[in-house]
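Per-entry structural report
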Amino acid sequence: MKYDFNEIIDRKNTDSVKVEALAQNLGRTDLIPLWVADMDFRTPPFIMDAIRQRLEHGILGYTIKSKSWYSSIVSWMKERYGWDITPEMLTYTPGIVAGLGLSIQCFTQAGDKVMIQPPVYHPFFLLTERNHREVVWNPLILKDGQYHMDFKHLEQNIKGCKLFLLCSPHNPGGRVWSREELKEVARICSENNVIVVADEIHADLTLPPNVHHTFATISEEARLNSIVFMSPSKAFNIPGLSSSFCIIENEKLQTQFQSYISASELDGGHAFAFISVAAAYSNGTEWLDQMLAYVQGNIDYLDTFLKEYIPQIKTIRPQASYLVFLDCRELELSQKELVQFFQDGAHLALNPGDMFGKEGTGFMRINVATPRSILERALQQLKDAYGALAK
């Protein structure tokens, strides 16, 4: 089946964060929204069909986790990542951000240290701070157009930490970590009794020929010392369904975490969360391959356009995801001026880089999971704003 990713869908009046929050937060309705990390493509028809079929029954009662929920995840992990898991290792969570917060609460106490690698998805440090834990920063190094880990700094500063929050693949940098890099993380954390909590929500968005290595499969140290969070929400455009889960191979850690969230009945889930996961992982390979090819085309278009017309803005080419970090430092604008340039000059809504930590200052994050015609219009507006800036 050939899927249409060129279709333009009006998302107004649907309570979309990407659209409606612009008016609420900025008082603006004149910006092309290329910020919030969901896609402007239709949710795949096989997921919508599964939801419709459930709705047609006519009763939306309490729902258990279906056998298909378990079996589809087990099969997807095996086929996609070569990871042999069992249903007993699975725990439903009401979103990955919520899962990260629950991990912090479960495995640490107030005042404990948690290490993160900025620039990184902002809830990593916001959740840590809001739960009254201490953030330990292990900044990534940008070299030759890609982010790299600073292992010397990591090993020196990991001592005394209780958790290491790993973003894999990385957001906003789009980096797919190599097996060697992950093995070094596993070694250092294991030797220092630091539990690795891996956010792998972008794993299914890995762009060929890159290969995602799920953390728990890296080594025996990683297998016994990790909590891996995943979800089809990013890859299949269903973030509104809270369809996340974690996989824990260490029986002691699994029991501790399951007991913690069960105490507040946070692992109950809802009918559409289970249905959507089973539908995505049972039927989604062809759709996902076509979507990733389309996104890769958009990334190529963006990169080529900037090199030709706006060379002072450089793409950090993602190895995974439809989110692209833009290095705008050669424009020599402050972060405030940079945001104004994109909003007031180009009429675009992007994420400012400093929201991912001070290491993101001078950067902007753009979401290219949108029809090509919208991306073309956005980049033309950016080109016009750049021309005006140069005068």
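A brief structural summary. Sequence positions are assigned chain by chain, starting from 1 and proceeding in written order. Only residues with pLDDT of at least 70 get local features here, since the model is predicted, and only at 80 or more are side-chain atom pairs given and counted; chain-wide, interface and lining totals rely on the full set of residues. Hydrogens and water molecules were not included; the side-chain quantities draw on all heavy atoms of the structure.

**As for the packing of helix H11 (residues 285-309) against helix H13 (residues 372-390)**
- The axes used here are C-alpha line fits, helices contributing only the stretch in contact, and every angle between their N-to-C directions lies in the interval 0 to 180 degrees. A run of H or I in DSSP counts as a helix once it spans at least four residues, and a run of E counts as a strand once it spans at least two, with each numbered from the N terminus. At their nearest, the axes of H11 and H13 sit 11 Å apart, and the two run at 15 degrees to each other. One finds that H11 runs roughly parallel with respect to H13. Seen along the crossing, H11 lies across H13 with a hand that is right-handed. Two secondary-structure elements touch here, H11 through Tyr294, Gly297, Asn298, Tyr301, Leu302, Phe305, Leu306 and Tyr309 and H13 through Arg372, Leu375, Glu376, Leu379, Gln380, Leu382, Lys383 and Tyr386.
- Polar here means any residue outside two lists: the nonpolar Ala, Val, Leu, Ile, Met, Phe, Trp, Tyr, Cys and Pro, and the charged Asp, Glu, Lys and Arg; Gly therefore counts as polar. Residue composition of the contact of H11 with H13, grouped by class: ten nonpolar, three polar and three charged. Note that the term roughly parallel is reserved for angles under 35 degrees, roughly antiparallel for angles over 145, roughly perpendicular for angles of 65 to 115, and oblique for everything else. Left-handed describes a crossing whose near helix is turned anticlockwise from the far helix by less than a right angle; the clockwise case is right-handed. We call two residues in contact whenever any of their non-hydrogen atoms come within 4.5 Å of each other.

**Structural notes on the sheet that holds strand S12 (residues 323-327)**
- DSSP-based pairing: two strands are paired if at least 2 bridges between them are found. Taken in spatial order, the four strands make up an open sheet running S11-S12-S15-S14, and their pairing is antiparallel. Looking at strand neighbours, the two that pair on one side only are strand S11 (314-316) and strand S14 (351-352), the edges of this open sheet.
- Pairing between S14 and strand S15 (residues 363-367): two bridges, direction antiparallel. Directly across from Asn351, in S15, lies its bridge partner Arg365.
- Against the sheet, helix H12 (residues 335-345) makes contact with S14 and S15, and its axis sits at roughly 35 degrees relative to S15, the strand it touches most.

**With respect to the side chain of Gln335**
- Residue position: Gln335 is located in helix H12.
- For Gln335, a relative accessible area of 9% corresponds to the buried category.
- Setting aside chain neighbours within four positions, we find Gln335 in contact with Pro352, Gly353, Asp354, Gly360, Thr361, Gly362, Phe363 and Met364. Summary of the burial criterion: residues with accessible area below 20% of their type's maximum are buried, those above 50% are exposed, and those between are partly exposed, where the area comes from a 1.4 Å probe applied to protein chains only.

Keep in mind these values describe shape, not function.
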